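Survey of secondary and tertiary structure
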Number of protein chains: 2
Amino acid sequence: MATTTAAARRDQARRDYDAYLAACPSRMLLDRISDKWVSLVMVALGEGTLRYSELSRQVAGVSQKMLTQTLRSLERDGLVERRVTASVPVRVDYSLTPLGNSLRELMYGVKLWAESHMEEVFVARERYDER
Amino acid sequence: MATTTAAARRDQARRDYDAYLAACPSRMLLDRISDKWVSLVMVALGEGTLRYSELSRQVAGVSQKMLTQTLRSLERDGLVERRVTASVPVRVDYSLTPLGNSLRELMYGVKLWAESHMEEVFVARERYDER
DNA sequence: CTGGATCCTCCATGATACTG
DNA sequence: CAGTATCATGGAGGATCCAG
């Protein structure tokens, strides 16, 4: 397969799927990844492989349940790889797949944006509230 | 003000705010914009100014309540501008601010990603489910 | 046409306890 | 250590009605 084939397939996909339509699968996918835990987990894993416990520390405030749930859905969608090392105690490592990493780059940009533009948002809020 | 000043301020902000911390304002901002309605509305407005009714059609499936609520929060955060034309019936136009547009570009990338990589995600899901 | 106000429902999420 | 199972609940979000 030439590399153009993959690109062509993506172009086709862009024509087939329209995230504006509520029933469209891509819309559901967008809904899924437009999730705070997803973005935080993805960005965290961008820094390399992490164990479950490392992740829960890195992503402060996430409950066990939500972390596990988020990781499962990411694994199912092929964005995250889960590798179990059978030892005592057991060790589980999570890392991004190539597909996951391609999304992570975009999400990292969003996280950076949020951290970079807080001040402007604060100013806007004050102006809005004093009105 | 030189352009470097704005850049320097952003660098400083990146050091001050860490979205991993649950209590950090930037984390709250990230939570806010990691929302399906936010991303869909932002991307829709990227194509230009839209009236309220046009938006509700463009973003299929959104309820009046959520659309209004989303627009209010975006307006408050300085991402969206709301312009009212006093006529009968009244006409309200929404458009992105420069700040909003800077975020929209990132979100558009995410939307495109979702539409482009559906197939790969589907394949991954099947493989995961048949296991 | 563009919402504001209300009511109501259900689901996402958190807390807790337990286990291989 | 890395979860699973269960229960409880707050709040997101939908439906409806009304108004400028």
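Provided above is the structure to which this section pertains.
Residues numbered from 1 in each chain as written. Chains lettered and ligands numbered in written order. Predicted model: local features only at pLDDT ≥ 70, side-chain atom pairs only at ≥ 80, totals over all residues. Heavy atoms only, no water.

**Details of the protein's contact with DNA strand D**
Taken together, 16 residues lie near DNA strand D, and Ser53(A), Arg82(A), Tyr94(A), Ser63(B) and Lys65(B) sit nearest. At the protein interface, 61% of the atoms of DNA strand D within 4 Å belong to sugar or phosphate. Within the side chain of Arg51(A), a nitrogen or oxygen atom sits 3.0 Å from a phosphate oxygen of DNA strand D. For the surface near DNA strand D, the secondary-structure elements that each account for two or more residues are helix H4 (52–58), helix H5 (64–76) and strand E3 (91–96) of chain A together with helix H5 (64–76) of chain B. Partitioning the surface near DNA strand D into residue classes produces seven nonpolar, four polar and five charged. (Near = heavy atom within 4 Å. Polar contact = N/O pair within 3.5 Å; in protein donor to acceptor, adjacent residues only side chain to side chain. Helix = DSSP H or I, 4+ residues; strand = E, 2+ residues; numbered from the N terminus. Nonpolar A, V, L, I, M, F, W, Y, C, P; charged D, E, K, R; others polar.)

**Brief notes about the sheet that holds strand E1 (residues 50–51) of chain A**
The strands that make up a sheet pair up through hydrogen bonds in the backbone, lying either parallel or antiparallel. All names here are of chain A. Spatial ordering of the open sheet is given by E1-E3-E2, a layout of three strands whose pairing is antiparallel. Looking at which strands have only one partner, the edges of the open sheet turn out to be E1 and strand E2 (80–85). Here E1 pairs with E3 via two bridges, running antiparallel. Counterpart to Leu-50 in the pairing with E3 is Tyr-94. This element, H5, spans E2 and E3 of the sheet and lies at about 110 degrees to E2. (Pairing = 2+ DSSP bridges. Contact = heavy atoms within 4.5 Å. Axes fitted to C-alpha atoms, helices over the stretch in contact; angles between N-to-C directions.)

**Some details on the packing of aromatic side chains**
A ring pair, where both rings are aromatic, is described by two values, the distance of the centres and the angle of the planes. Taken as a whole and judged by the stated rule, the model has zero aromatic pairs over all chains. Against the face of Tyr20(B) rests Lys111(A), its NZ or CZ located 4.4 Å from the ring centre. (Phe/Tyr/Trp six-rings, centres within 6.5 Å; stacked < 30°, edge-to-face > 60°. Lys NZ or Arg CZ within 6 Å of the ring centre and 35° of its normal.)

**Things to note about the side chain of Ser39(A)**
Along the chain, the position of Ser39(A) falls in helix H3 (residues 36–46). Among all residues touching Ser39(A), those that are not within four sequence positions of it are Met107(A), Leu30(B) and Ser34(B).

**Quick word on the pattern of salt bridges**
In the structure shown here, the tally under the stated rule is 18 salt bridges over all chains. Lys36(A) is the partner of Asp31(B) in a salt bridge, and the nearest nitrogen-oxygen pair spans 3.6 Å. Here Asp31(B) is found in helix H2 (residues 25–33), whereas its partner Lys36(A) is found in helix H3 on a different chain. A residue is classified by how much of its surface remains accessible, and Lys36(A), at 28% relative accessible area, is partly exposed. If you follow the salt bridges from partner to partner, you end up with Arg27(A), Asp31(A) and Lys36(B) in one network. (Salt bridge = Lys/Arg side-chain N within 4 Å of Asp/Glu carboxyl O. Buried < 20%, exposed > 50% of the residue type's maximum accessible area, 1.4 Å probe, protein only.)

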